[in-house]
Amino acid sequence: MRRFTLTFVLLAMMFVMRSASATPQHLDGDHIMRAAVTTLLAPAEWDGVWTTLDSTYTCAGAFQSTSAGSDTICGGKDYTPGGSGSPFTIDCTGTADATTIDMTCTGSGDLFTDCTETFTMTVHGTRTGDTYHLVSTIDATFSGTACSFFPPSCTQVDSWGTRTGPAPIGYCSTPTRAASWGRLKTIYR
């Protein structure tokens, strides 16, 4: 689900982490979607365990890195905003169905005192059988005297996924609300 949230806001976001030295450093493909997700149900056709390969480029086409991993997508699961305490305000629009994803997210937030990042992310993707291909473009600008030296950035993440099996039933189940044994006894008397 980690990469799906990434790739599905599945699709929807760019979350930038900054080190204590305030060096701008975008997260890799594994984390791009995690912090901003509108309420969105994953289509059942995307359900399963996926191996993934992400390639990151500048928007001018210069290769930056590649990463491989795996992800579990739970069909029908509701993906809602993650990361309580996130410094970003994010708004996403778009559609997702059995074969395509088209999303656009805009957002902004304070990275640290007197440094604000504003971004737009677009995600376009297709799924055919047991494979998917997503292309995410992330445009970011920085404002404020504390980050005036950060140049605007534009990154493209090209993601490929191959389904290797069904999603484990236990992984995709919805947990119940925690309650003590004493509380349960009072409810069911």
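What counts as what
- Starting afresh in each chain, residues are numbered from 1 along the sequence in its written order.
- Predicted model: local features are reported for residues with pLDDT of at least 70 only, side-chain atom pairs are reported and counted for 80 or more only, and whole-chain, interface and lining totals are derived from all residues.
- Calculated side-chain values reflect all of the structure's heavy atoms, with hydrogen atoms and water omitted.
- Strand pairing is assigned whenever DSSP identifies at least 2 bridges connecting the two strands.
- For the purposes of this entry, the term helix denotes a DSSP run of H or I that reaches at least four residues, the term strand denotes a run of E that reaches at least two, and both are numbered from the N terminus.
- A carboxyl oxygen of Asp or Glu within 4 Å of a side-chain nitrogen of Lys or Arg is what we treat as a salt bridge.
- Relative accessibility under 20% of the residue-type maximum defines a buried residue, over 50% an exposed one, and the middle range a partly exposed one, all with a 1.4 Å probe and only protein chains included.
- Convention adopted: a line fitted to C-alpha atoms gives each axis, helices being fitted over their contacting stretch, and angles between N-to-C directions are expressed from 0 to 180 degrees.
- Note on scores: pLDDT gives the predictor's confidence for each residue, bounded by 0 and 100.
- Two cysteine sulfur atoms form a disulfide, by the criterion used here, when they sit within 2.5 Å.
- Aromatic pairs are defined between Phe, Tyr and Trp rings, using the six-membered ring for Trp, whenever the two ring centres lie within 6.5 Å; interplanar angles under 30 degrees are classed as stacked, those over 60 as edge-to-face, and all others as tilted.

Re the pairing of strand E7 (residues 88-96)
And then number 1: Relative to strand E8 (residues 100-112), E7 runs antiparallel, the two sharing 9 bridges. Among the inter-strand pairings, Gly94 is bridged to a residue of E8, identified as Met103.
And then number 2: A loop of 3 residues connects E7 with E8, the two strands running antiparallel in sequence.

A short note on the pattern of salt bridges
And then number 1: Inspection of the entire model under this criterion finds 1 salt bridge.
And then number 2: For Arg163, the salt bridge identified is with Asp130, shortest N-O distance 2.8 Å. Separated by 33 residues along the polypeptide, Arg163 in strand E11 (residues 153-165) and Asp130 in the loop between strand E9 (115-128) and strand E10 (131-143) bring together distant segments of the chain.
And then number 3: Arg163 gets classed as buried once you look at its relative accessible area, which sits at 18%.

Section: the sheet that holds E10
And then number 1: With respect to topology, 7 strands assemble into an open sheet ordered E5-E4-E11-E10-E9-E8-E7, the strand pairing being antiparallel. The two strands at the open ends of the sheet, each matched to only one other strand, are strand E5 (63-73) and E7. Averaged over all pairs of adjacent strands, the angle between strand axes in this sheet comes to 15 degrees, irrespective of strand direction.
And then number 2: Pairing of strand E4 (residues 48-58) with E11, which is carried by 10 bridges, proceeds in the antiparallel orientation. Residue pairing for E11: Val49 is matched across the bridge by Gly165.

Re the confidence of the model for the protein
And then number 1: Across the protein, the average pLDDT comes to 74, with 65% of residues at or above 70.
And then number 2: Mean pLDDT across the elements of the protein bottoms out in strand E1 (residues 16-18) (28) and peaks in E11 (96).

Examining the environment of Gly165
And then number 1: Mapped onto the fold, Gly165 is located in strand E11.
And then number 2: As a C-alpha pair, Gly165 and Asp130 span 35 residues in sequence and 9.2 Å in three-dimensional space.

Looking at the state of the cysteines
And then number 1: One pass over the structure, following the stated rule, counts 4 disulfides.
And then number 2: For Cys74, the disulfide goes to Cys172, at an S-S distance of 2.1 Å. Looking along the S-S bond of the Cys74-Cys172 disulfide, the torsion reads about -80 degrees, which is the left-handed sense. Within this pair, whereas Cys74 is found in the loop between E5 and strand E6 (78-79), its partner Cys172 is found in helix H2 (residues 169-172), the two being separated by 98 residues in sequence.
And then number 3: Relative accessible area serves as the criterion here: at 1%, Cys74 is assigned to the buried category.
And then number 4: A relative accessible area of 21% means that Cys172 is categorised as partly exposed.
And then number 5: Bridging Cys115 to Cys147, the disulfide has an S-S length of 2.3 Å. Looking down the S-S bond of the Cys115 and Cys147 bridge, the torsion is 110 degrees, so its handedness is right-handed. Here Cys115 is found in strand E9, whereas its partner Cys147 is found in the loop between E10 and E11, with 32 residues between them in sequence. For the pair Cys115 and Cys147, one class covers both residues: buried.

Brief notes about the packing of aromatic side chains
And then number 1: One pass over the structure, following the stated rule, counts 7 aromatic pairs.
And then number 2: Plain terms: the ring middles of Tyr57 and Phe63 are 5.7 Å apart, the flat faces sit at 70 degrees to each other, and that makes the pair edge-to-face.
And then number 3: Exposure remark for Phe63: the relative accessible area of 52% places this residue in the exposed category.
And then number 4: When the ring of Phe142 is compared with that of Phe150, the centres are 5.4 Å apart and the planes differ by 85 degrees; the resulting orientation is edge-to-face.
And then number 5: A relative accessible area of 4% means that Phe150 is categorised as buried.
And then number 6: Site record: aromatic cluster; members linked through ring pairs are Phe112, Phe142, Phe149 and Phe150.

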